[in-house]
Amino acid sequence: LSGTMALHSRLFSVYVAGVRAYFGGEWSRAAELLEKSIETKQSLFRLRRQCHDDCLSAGSHALSRLGELRTGSGVRETCTSWVTDRPAECLRFCMGRSITPAGQLPVSTDIEYEFSTRNPYNFLQVTYYKLEKLRKAAAAAHTYFVANPSHLEMRNNIEKYRRMKGVTDEDFQDRELENEKHWVSVEQHEIQLFLSFMGEYFKVHSHSCRVQCEVASQPMPEDRGTDGISMSIFLYSRAALSLSLLSCRQYCVTQVATRPGRISAQEDLLPTQLEHLHIAQFKGQTAENNDKSSVDQCYFTTYTTPNYSESNGSFVSDHLFVCFLIQEIVGYVSRSLEEKKLLYFGVENLDFKFIDPDLWTPEDVVPESLRESWRGECPFSPVHRLLLVSVLLSGGVIRQVGVTIAMDDDLLNGTNRVVLDGVATEKECEKILQLAAVAASVGDGYRGRRSPHTPHETFEGLTVLRAVKLAQEGLVNQSDAQLLHELGERVRVLLHSYFRSPSALFISFTHLVCRTAVEGEQEGRLDLSHPVHVDNCLLEPETKQCWKEPPAFIHRDLSAILYLNDNFDGGELFFTNRDAKTVTAQVKPGCGRVVGFSSGPVNPHGVTAVTRGRRCALALWFTKEKLYRDMVRIMSRCSSSCSSSSGRPVSCWCRDTRVG
Ligand SMILES: O=C(O)CCC(=O)C(=O)O
Ligand SMILES: [Fe+3]
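The model shown is predicted, which means the values in this text are computed figures rather than measured ones.

Peer 1: Give me the lowdown on the packing of aromatic side chains, citing residues and values where you can.
Peer 2: Geometrically, a pair of aromatic rings is defined through the distance of the ring centres and the angle of the planes. Scanning the entire structure with this criterion turns up nine aromatic pairs. Aromatic side chains Tyr 15 and Phe 115 sit 5.2 Å apart centroid to centroid with 55° between the ring planes, which places their arrangement in the tilted category. Here Tyr 15 is found in helix α1 (residues 3-23), whereas its partner Phe 115 is found in helix α5 (residues 109-116), with 100 residues between them in sequence. Judged by relative accessible area, which is 5%, Tyr 15 ranks as buried. Ring centres of Phe 509 and Trp 621 lie 6.3 Å apart, and the angle between their planes is 20°; on these two criteria the pair is classed as stacked. With a gap of 112 residues between them, Phe 509 in strand β4 (residues 506-517) and Trp 621 in strand β14 (residues 610-623) connect regions that are remote in the sequence.

Structure (structure tokens):
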């Protein structure tokens with residue numbers, strides 16, 4: 001045996017011996033063997049990476065040829081050329097398989113699984129504890145717990161280690177951190193750090209994950225038989241294996257985007273990171289004066305003119321960094337697309353199961369017959385699409401007379417933030433405030449309630465549906481209830497244009513909220529009216545991560561608050577960094593002022609204490625996903641156009657809206 005096979009076989013035997021020693025209570029021996037097995041695993045992974053790098057150029061060549069085969073060629077031909085052209089020979093040779101007799105391989109996916117779940121560290125933790133090497137036990141416990149956060153016993157062990165003498169915070173180290181390095185820089189905003197994130201991202205993506213797929217999907221022995229049937233079976237199983245390899249690689253996106261210890265992958269990690277980059281580089285070119293955006297220019301320049309720096313020197317020197325990055329991404333995207341094409345071919349023709357982990361896959365990659373549930377038309381290139389999935393580009397035009405841009409990204413010191421003035425008139429603010437007052441006086445779910453955020457304020461809320469009901473009961477004017485809806489629409493149109501959103505925006509939820517200072521309870525207040533949060537994910541300030549998981553409203557893409565008054569003290573909206581502490585900008589509310597911002601992790605925000613009076617605002621959230629638009633809102637608009645004598649609003653259906 002040689003190369004990786006030898007290592008694999010050693011890994012297997014050393015680990016088994018270590019576990020045996022463990023169960024035999026031979027602690028020193030167990031520690032030695034388990035450590036050795038971890039070392040062996042690391043060497044094995046290193047060697048595989050090496051093999052992969054060495055065979056890579058052959059690989060990309062074969063893949064690009066296969067892409068051409070998708071249309072107009074039969075399954076058999078595709079498989080045949082694939083099998084013969086694939087650089088598997090290179091990999092197999094490199095990995096030592098070519099000299100190993102088929103069927104006698106000590107390949108055990110169990111052992112790979114064992115290491116991927118970090119189980120050896122569980123054994124090690126007990127072993128070191130028995131040997132009274134507490135600091136090492138703490139590191140092993142921590143390393144295991146990072147990947148198994150719901151393991152209660154390990155949580156308790158860690159608590160115990162923390163209380164033990166001689167153990168310090170520094171001892172709780174993740175010994176497998178090397179493979180997750182990209183997370184260290186993931187939350188940095190600065191461009192240089194972003195670049196380093198991208199570097200780590202691609203490294204981890206291709207080295208730690210994609211390479212390991214090669215091993216899991218090595219083809220079967222060369223026993224292809226001579227008759228037609230066994231040849232077909234042979235080709236079919238080869239194709240299936242190759243498809244599993246590709247699908248394994250595709251899922252690397254999810255693995256790379258899943259932080260150790262989290263269950264869910266960070267959705268669309270790459271586009272989200274691009275949002276950080278913020279296209280700060282692309283700002284200043286509005287749709288008006290330049291119908292080709294900078295992204296287009298960069299893409300165009302880099303990929304259509306070989307000596308682009310000469311042909312468009314000034315642009316490229318300003319944007320060299322971004323162009324470089326985009327070049328990286330283009331490579332990544334085109335490789336991924338080639339794989340997807342083949343996979344969809346397999347889904348269509350070979351009944352292969354594949355669920356695309358990316359949201360940015362362009363429609364033309366998906367065969368016609370599979371498109372049914374696919375998203376709508378997208379006129380953008382794959383790279384563009386990748387950039388735009390989660391990216392809003394502030395700086396678009398505001399066309400409404402009387403509305404002005406009071407603060408932009410620069411003044412607000414951040415990304416995708418804007419303050420617009422003049423969105424509602426004094427009269428309109430009055431009407432909505434009146435509506436809020438009536439709602440409060442007749443009582444709704446919030447009346448007189450203490451705020452959910454602070455005991456020093458009360459909180460009243462009114463939804464659109466509730467407003468419509470009040471109108472139907474004759475308690476408020478129909479037209480005032482209707483105004484709530486109109487204002488929401490007005491803000492939607494303005495922000496859609498300002499943020500140049502390539503996809504439609506739907507109102508996902510609207511809430512009229514008033515916060516009132518409780519008199520006599522304001523002395524020495526240190527808390528906030530609304531603690532710092534991100535609207536569409538759970539902010540974890542310690543790690544600066546934001547988890548797009550329920551109970552966060554993960555489908556909110558854009559947030560807006562329309563302010564209605566200013567006769568109160570405090571109640572300023574502020575933005576912070578991801579540490580939830582460093583304030584980057586503040587906004588003072590006033591009638592007709594709208595603050596709009598992307599709902600994601602670039603915009604943590606909160607509200608300072610309201611220490612006198614009552615602060616009312618209409619909070620609006622928008623989504624790009626049709627599915628999550630506000631059904632209640634649409635229905636209530638219908639029902640508000642029905643006569644109130646028709647009874648309960650929900651039983652009144654109107655035909656002119658496309659509900660359901
Ligand atoms: O009222 C405000 O200014 C902000 C409220 C807010 O952030 C929210 O409701 O999520
Ligand atoms: Fe918020």
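That covers the picture; the talk isn't over yet.
Peer 1: Summarise the pattern of salt bridges; cite the residues concerned and give the values.
Peer 2: Evaluated as defined, the whole model comprises 15 salt bridges. Notably, a salt bridge pairs Glu 35 with Arg 175, separated by 2.7 Å at the nearest N-O pair. Taken together, the positions of Glu 35 in helix α2 (residues 27-68) and Arg 175 in the loop between α8 (152-163) and α9 (191-216) put the pair 140 residues apart, joining distant regions of the chain. In this structure, a network of salt bridges that share partners links the residues Glu 457, Arg 525 and Asp 527.

Peer 1: Explain the environment of Val 594 residue by residue, including any values.
Peer 2: Structurally, Val 594 is set in strand β12 (residues 594-598). Each C-alpha atom of the pair Val 594 and Ile 561 lies 5.5 Å from the other, and the pair is 33 residues apart in sequence.

Peer 1: Tell me about the site of ligand 1, residues and numbers included.
Peer 2: Taken together, Arg 515, His 530, His 533, Asp 535, Ile 561, Tyr 563, Leu 573, His 605, Val 607, Arg 615 and Trp 621 make up all the residues around ligand 1. Measuring from an oxygen atom of ligand 1, one finds a side-chain N or O atom of Asp 535 at 3.2 Å. Here an oxygen atom of ligand 1 sits 2.6 Å away from a polar atom, N or O, in the side chain of Tyr 563. When the free accessible area of ligand 1 is taken as 290 Å², the share hidden by the protein chains comes to 91%. Sorting the residues of the shell around ligand 1 by element identifies β5 (528-533), β8 (558-563), β13 (605-608) and β14 as the ones contributing at least two each.

Peer 1: Describe the environment of Ile 432, naming the residues involved and giving the relevant values.
Peer 2: Checked against the element boundaries, Ile 432 lands in helix α17 (residues 426-442). Taking the C-alpha atoms as reference points, Ile 432 and Cys 616, 184 residues apart in sequence, are found 9.1 Å from one another.

Peer 1: Give a description of the state of the cysteines that names residues and reports values.
Peer 2: Applying the stated criterion across every chain yields a total of three disulfides. What pairs with Cys 429 in a disulfide is Cys 591, and their sulfur atoms sit 2.1 Å apart. Judged by the sign of its S-S torsion, about 90°, the cystine formed by Cys 429 and Cys 591 is right-handed. Highlighted residues: Cys 429 in helix α17 and Cys 591 in the loop between β11 (583-587) and β12, separated in sequence by 162 residues. Covalently, Cys 537 is tied to Cys 546 through a disulfide, its sulfur atoms 2.1 Å apart. Taking the sign of the torsion about the S-S bond as the criterion, the disulfide between Cys 537 and Cys 546, at about 95°, is right-handed. Residue classification places Cys 546 among the buried residues on the basis of a relative accessible area of 5%.

Peer 1: Outline the confidence of the model for the protein chain, listing residues and values.
Peer 2: Across the protein chain, pLDDT averages 70, with 58% of residues at or above 70. Low confidence marks residues 97-108, where pLDDT is under 50. Its contacts with residues over four positions away, or in another chain, come to 21 contacts. In this model, residues 219-225 is a region of pLDDT below 50 whose contacts with residues beyond four sequence positions or in other chains number 18 contacts.

Peer 1: Quick one: what's the story with the pairing of β8, residue by residue and with numbers?
Peer 2: Within a regular beta strand, the side chains point alternately toward one face of the sheet and then the other, so they alternate between its two faces. Of all the six residues making up β8, six are buried; the element is thus mostly covered by neighbouring parts of the structure. Residue alternation in β8 divides its side chains into two sets, Leu 558, Ala 560 and Leu 562 and Ser 559, Ile 561 and Tyr 563, and both sets are buried. Pairing between β8 and β12: five bridges, direction antiparallel. When the sheet's bridge partners are listed, Leu 562 is paired in β12 with Val 594. In the sheet, β8 pairs with β14 via six bridges, with the strands oriented antiparallel. Residue pairing in the sheet places Leu 562 in a bridge with Leu 618 of β14.

What counts as what
Residues numbered from 1 in each chain as written. Chains lettered and ligands numbered in written order. Predicted model: local features only at pLDDT ≥ 70, side-chain atom pairs only at ≥ 80, totals over all residues. Heavy atoms only, no water. Phe/Tyr/Trp six-rings, centres within 6.5 Å; stacked < 30°, edge-to-face > 60°. Helix = DSSP H or I, 4+ residues; strand = E, 2+ residues; numbered from the N terminus. Buried < 20%, exposed > 50% of the residue type's maximum accessible area, 1.4 Å probe, protein only. Salt bridge = Lys/Arg side-chain N within 4 Å of Asp/Glu carboxyl O. Near = heavy atom within 4 Å. Polar contact = N/O pair within 3.5 Å; in protein donor to acceptor, adjacent residues only side chain to side chain. Areas by Shrake-Rupley, 256 points an atom, 1.4 Å probe, with all protein chains shown as cover. Disulfide = S-S within 2.5 Å. pLDDT = per-residue confidence, 0-100. Contact = heavy atoms within 4.5 Å. Pairing = 2+ DSSP bridges.

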